[in-house]
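# Coordinate inspection notes
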Amino acid sequence: MLGIPKYKPNFYIDAYLFCEDFRDILKQLIGKSIDCFWIMWDYKHEQWNQDGPIILKIGNFNYEFAACNLNEFSLTTNLINLESKLNWYGSGDELPLGWKENHKKECINLLKRPIKEINIVTYDFTSELNNFHINPEQVSKLYNEGFVLHGIEFVLEKENDSDFENYFSIYNALDQIGIKTTEIGSYKGLQKIQITSY
């Protein structure tokens, strides 16, 4: 899937089910650091292909994150062979793709910092509908599921008290993967589950 041989994302919508399934795995990452990361690169247009996963190397494992639709988020480990040729749904050489290591300069400073906390982020679609005064009955069920899994925040050790770019945040950015070096947000419609205390 996603042009990657033998890769099958494990998409979740329910944040609490995601926490239940991955709590023990994620808790073991506290105190470790992100060694490096890979993004899928579109060599034809010389840009990041955000439809592909992002991969974090932490210790001896690669943690692969992907997003789909507006409410699906996946975590798998060690399923992607970074040496395998990518083929985006049969496009072949018309869309040459590959993996770029550490190819987002704003994230470089986040590497090798101890992970202090991990948050699972949920988003309330019904809250968003209310903000825009939209009748939920007029939209598809997708937008009316309430709190759904939105992403994950790795909260890293700060360099100093004024350091607010100490997050490696990965989230569903409207049917593609997104990355932020700051907190995903604390605005209305978002809730967080601290994995270390779940």
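Residues numbered from 1 in each chain as written. Predicted model: local features only at pLDDT ≥ 70, side-chain atom pairs only at ≥ 80, totals over all residues. Heavy atoms only, no water.

## Considering the nonpolar core
The cut-off we apply is this: The nonpolar core is taken to be a set of buried Ala, Val, Leu, Ile, Met, Phe, Trp, Tyr and Cys residues, with the residues joined through side-chain atoms within 4.5 Å. In this scheme, a residue with accessible area under 20% of its type's maximum is buried, one over 50% is exposed, and one in between is partly exposed, where area comes from a 1.4 Å probe on protein chains only. Starting at the N terminus, helices and strands are each numbered in turn, a helix being any DSSP run of H or I of at least four residues and a strand any DSSP run of E of at least two. Note on contacts: a residue pair qualifies if any of its non-hydrogen atoms lie within 4.5 Å across the two residues.
Among the nonpolar cores identified, the biggest contains 36 residues, and Leu-26, Ile-54, Leu-56, Phe-65, Ile-120, Phe-154 and Phe-168 are the most heavily contacted of them. The element that contributes the greatest number of residues to this core is helix 1 (residues 15-27), accounting for five residues. Contacts of Ile-54, omitting those with residues within four sequence positions, involve Phe-37, Trp-38, Ile-39, Tyr-63, Glu-64, Phe-65, Phe-168, Ile-170, Ile-177 and Ile-179.

## Describing the environment of Tyr-171
If you trace the backbone, Tyr-171 turns up in strand 10 (residues 167-172). A relative accessible area of 18% means that Tyr-171 is categorised as buried. In sequence terms Tyr-171 and Ala-66 are 105 residues apart; their C-alpha atoms lie 8.5 Å from each other. Setting aside residues up to four positions removed in sequence, Tyr-171 forms contacts with Phe-73, His-150, Gly-151, Gln-176, Ile-177, Gly-178, Ile-179, Lys-180 and Ile-184.

## Quick look at the side chain of Thr-181
Within the element layout of this structure, Thr-181 appears in the loop between strand 11 (177-180) and strand 12 (190-194). The buried category is assigned to Thr-181, whose relative accessible area is 11%. Apart from the residues within four sequence positions on either side, Thr-181 is in contact with Glu-106, Cys-107, Leu-110, Phe-164, Glu-165, Asn-166 and Tyr-167.

## Let's talk about helix 1
Let me state the cut-off plainly: Consider a residue and the seven residues that end there alongside the seven that start there; fitting an axis to each set, the bend is the angle between those axes. Pairing of N or O atoms within 3.5 Å defines a polar contact, subject to two protein rules: one partner must be a possible hydrogen donor and the other a possible acceptor, and residues neighboring in sequence count only if both atoms are side-chain atoms.
When the local axis directions of helix 1 are compared, the greatest deviation, roughly 50°, occurs at Asp-21. Within the sequence span of helix 1, burial applies to Ala-15, Phe-18, Cys-19, Phe-22 and Leu-26. Of the surrounding elements, those touching the buried residues of helix 1 are strand 1 (11-12), strand 6 (72-77), strand 8 (115-124), strand 9 (147-156) and strand 12. The opening residue of helix 1 is Asp-14, an N-cap whose side-chain oxygen sits 2.8 Å from the backbone nitrogen of Tyr-16.

## Regarding the sheet that holds strand 12
Our working rule: At least two bridges found by DSSP between two strands is the condition for calling them paired. As a rule, the C-alpha atoms of each element are fitted with a line to give its axis, helices using only the stretch in contact, and angles between N-to-C directions run from 0 to 180 degrees.
The strand order across the open sheet built from five strands is 11-10-9-8-12, with neighbouring strands paired in antiparallel fashion. Every other strand in the sheet has two partners, leaving strand 11 and strand 12 as the edge strands with one partner each. Neighbour-to-neighbour, the strand axes of this sheet turn through a mean angle of 25°, independent of strand direction. By the bridge criterion, nine bridges tie strand 8 to strand 9 in an arrangement that is antiparallel.

## Re the packing of aromatic side chains
Operational definition: Stacked, tilted and edge-to-face are the three classes applied to pairs of Phe, Tyr and Trp rings, where Trp contributes its six-membered ring and a pair requires centres within 6.5 Å; stacked means planes under 30 degrees apart, edge-to-face means over 60, and tilted covers the rest.
For the structure shown, the criterion picks out nine aromatic pairs. One aromatic cluster is present, formed by Tyr-12, Phe-18, Phe-22, Phe-65, Phe-73 and Phe-154 through successive ring pairs.

## A word on the pattern of salt bridges
What counts here: Salt bridge, as used here, is a side-chain nitrogen of Lys or Arg placed within 4 Å of a carboxyl oxygen of Asp or Glu.
With the rule as written, the count across this model stands at eight salt bridges. With a shortest N-O distance of 3.8 Å, Arg-23 and Asp-24 are connected by a salt bridge. Lys-104 is the partner of Glu-106 in a salt bridge, and the nearest nitrogen-oxygen pair spans 3.0 Å. Because the salt bridges share partners, they merge into one network encompassing Arg-113, Glu-159 and Asp-163.

## Structural notes on the side chain of Thr-76
Positionally, Thr-76 belongs in strand 6. Looking at Thr-76, the relative accessible area reads 7%, which means it is buried. A distance of 2.5 Å separates the side chain of Thr-76 from the side chain of Glu-64, its partner in a polar contact. Sequence-distant contacts of Thr-76, defined by excluding residues within four places in its chain, comprise Tyr-7, Lys-8, Pro-9, Asn-10, Asn-62, Tyr-63 and Glu-64.

## Remarks on the confidence of the model for the chain
Applied cut-off: On a scale of 0 to 100, pLDDT captures the predictor's confidence in every residue.
Mean pLDDT over the chain works out to 87, with 86% of the residues at or above the 70 mark. Across the chain, the secondary-structure element scoring lowest on mean pLDDT is helix 3 (residues 125-131), at 52, and the one scoring highest is strand 4 (residues 54-58), at 98. Segment residues 129-134 is flagged for pLDDT under 50; beyond a separation of four residues in sequence, or across chains, it makes seven contacts in the model. Contacts from residues 138-144, a stretch scored under 50 in pLDDT, to residues over four places away or in other chains number 13 contacts.

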